[in-house]
Amino acid sequence: MALKLLTLIEEYFFELLFPVKCAACEKETGLKKKNRLVCSDCLKTLSPSADFFCPLCQAKTADARICFSCKILISGSGKNFLLDRLIYPFHYKNLVIQKIIKAFKYRFIKDLEIPLGRLVAGYFDKIGEKDNVGIQKFFDNAEVIVIPVPLHKRKFNQRGYNQSELIARKTAGYLGITPAADCLLKIKSTKDQARLKDGQRPENLKNAFVCSKPWLISGKNILLVDDVFTTGATMNECARVLKEAGAKEVIGLAIARG
């Protein structure tokens, strides 16, 4: 009892010296047990969309697959887009979600995995109520493995965690399916994709990923998880590696679309 009291006193004075602030609006949240890292006011502004869009042109679609127009463009270009579908609850232009993701990645606030995990769970609840075109069947009727987009070990050591892996584990826990963070590895240290032009991104990722355990994913459906989807170069390269290893279908899940 005395030890618990001393711990509470210590936490109280620590909060006075270093007050916890909302990752989005930087309002002090005090000693609240819930919504300490993202305040209730900011969370109220985050309503996940249940609509699906083409992964390439962002035209609204029924099933989150590439639209007919983009299929024609790709077939005439000689390029391949191997991600079967892309689903995401938010757009990165939403400043609240943008600030949360940046704090998660660059300010090293690891515990933001908790509110982000709740937002992903709310998103799956929402699309589960709406979906009648196969997304729900993907999870209900097939053996699915959740795999995060991996970090190179150098960047992992700098950050101390892979933000995509944390979200993947939260998502897998909510869906009750298997996470497998070690099936896909990043073996080449690459330049930051955000600093490259769109045309440079695929080349930057060439031979960067490898499937380390193809026997675990052969014939399986994969939910590939990342924090932000921008041009799709990273997820597309991961999907290529996974399919070469025998994956059946690869759906991308991002927190936000850039």
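Mind showing me how you'd approach the nonpolar core here?
In a soluble, globular protein the nonpolar side chains are often hidden away together inside. Judged by nonpolar contacts, the single largest core of 44 residues is most densely connected at I87 and I97. Those elements giving two or more residues to this core turn out to be helix 4 (95-106), helix 5 (113-130), helix 6 (135-140), strand 5 (144-148), helix 8 (163-175), strand 9 (221-229) and strand 10 (249-257). Residues in contact with I87, not counting those within four places in the same chain, are F52, A64, Y123, F124, I127, I135, I251, G252, L253 and A254. In this structure, C70, L83, L224 and F229 belong to the second largest nonpolar core, which totals 33 residues.

Just to check I follow, could you spell out the packing of helix 4 against helix 5 for this structure?
When two helices pack together, their arrangement is given by the angle between their axes and by how far apart the axes lie. Following both chains from N to C, one finds helix 4 and helix 5 inclined at 135 degrees, their axes separated by 11 Å at the closest point. Between helix 4 and helix 5, the interaxial angle falls into the category oblique. Between helix 4 and helix 5 the crossing geometry is left-handed. When helix 4 is examined against helix 5, the residues I97, I100 and F104 are found in contact with a partner set consisting of E113, L116 and L119. Across the contact of helix 4 with helix 5, the residue classes tally to five nonpolar, no polar and one charged.

Whenever I open this one, a nonpolar patch on the surface confuses me. Can you help?
Judged by side-chain polarity, L185, I187 and V210 come together as a nonpolar surface patch covering roughly 230 Å² of accessible area. Among the structural elements, L185 can be located in strand 7 (residues 184-186).

The rules behind each value
Starting afresh in each chain, residues are numbered from 1 along the sequence in its written order. Thresholds applied to this predicted model are a pLDDT of at least 70 for local features of residues and 80 or more for the giving and counting of side-chain atom pairs; totals over whole chains, interfaces and linings are not thresholded and use all residues. Values reported for side chains reflect all heavy atoms of the structure, with hydrogen atoms and water molecules removed beforehand. Definition of nonpolar core: a set of buried residues of the types Ala, Val, Leu, Ile, Met, Phe, Trp, Tyr and Cys, connected through side-chain atoms within 4.5 Å. Exposed residues in this analysis have more than 50% of their type's maximum accessible area, buried residues have under 20%, and partly exposed residues fall in between, with area computed by a 1.4 Å probe over protein chains only. In this description a helix means any DSSP run of H or I spanning at least four residues, a strand means any run of E spanning at least two, and both kinds are numbered starting from the N terminus. Working rule for contacts: check all heavy atoms of both residues, and any pair within 4.5 Å makes them a contact. Only C-alpha atoms enter the line fits that serve as axes; for helices the fit covers just the stretch in contact. Angles between N-to-C directions range over 0 to 180 degrees. Working rule for angles: under 35 degrees goes down as roughly parallel, over 145 as roughly antiparallel, 65 to 115 as roughly perpendicular, anything else as oblique. It is the rotation of the near helix from the far one that decides the hand of a crossing: anticlockwise by less than a right angle makes it left-handed, clockwise makes it right-handed. Side-chain classes are defined by residue name, with Ala, Val, Leu, Ile, Met, Phe, Trp, Tyr, Cys and Pro counting as nonpolar, Asp, Glu, Lys and Arg as charged, and the others, Gly among them, as polar. Patches in this entry comprise residues that are over 30% relatively accessible and not in a salt bridge; like charges within 9 Å are linked, as are nonpolar side chains (Val, Leu, Ile, Met, Phe, Trp, Tyr) within 5 Å. To be clear on the numbers: accessible area is Shrake-Rupley with a 1.4 Å probe, and residue cover counts the displayed protein chains and nothing else. Each reported salt bridge corresponds to a side-chain nitrogen of Lys or Arg within 4 Å of a carboxyl oxygen of Asp or Glu.

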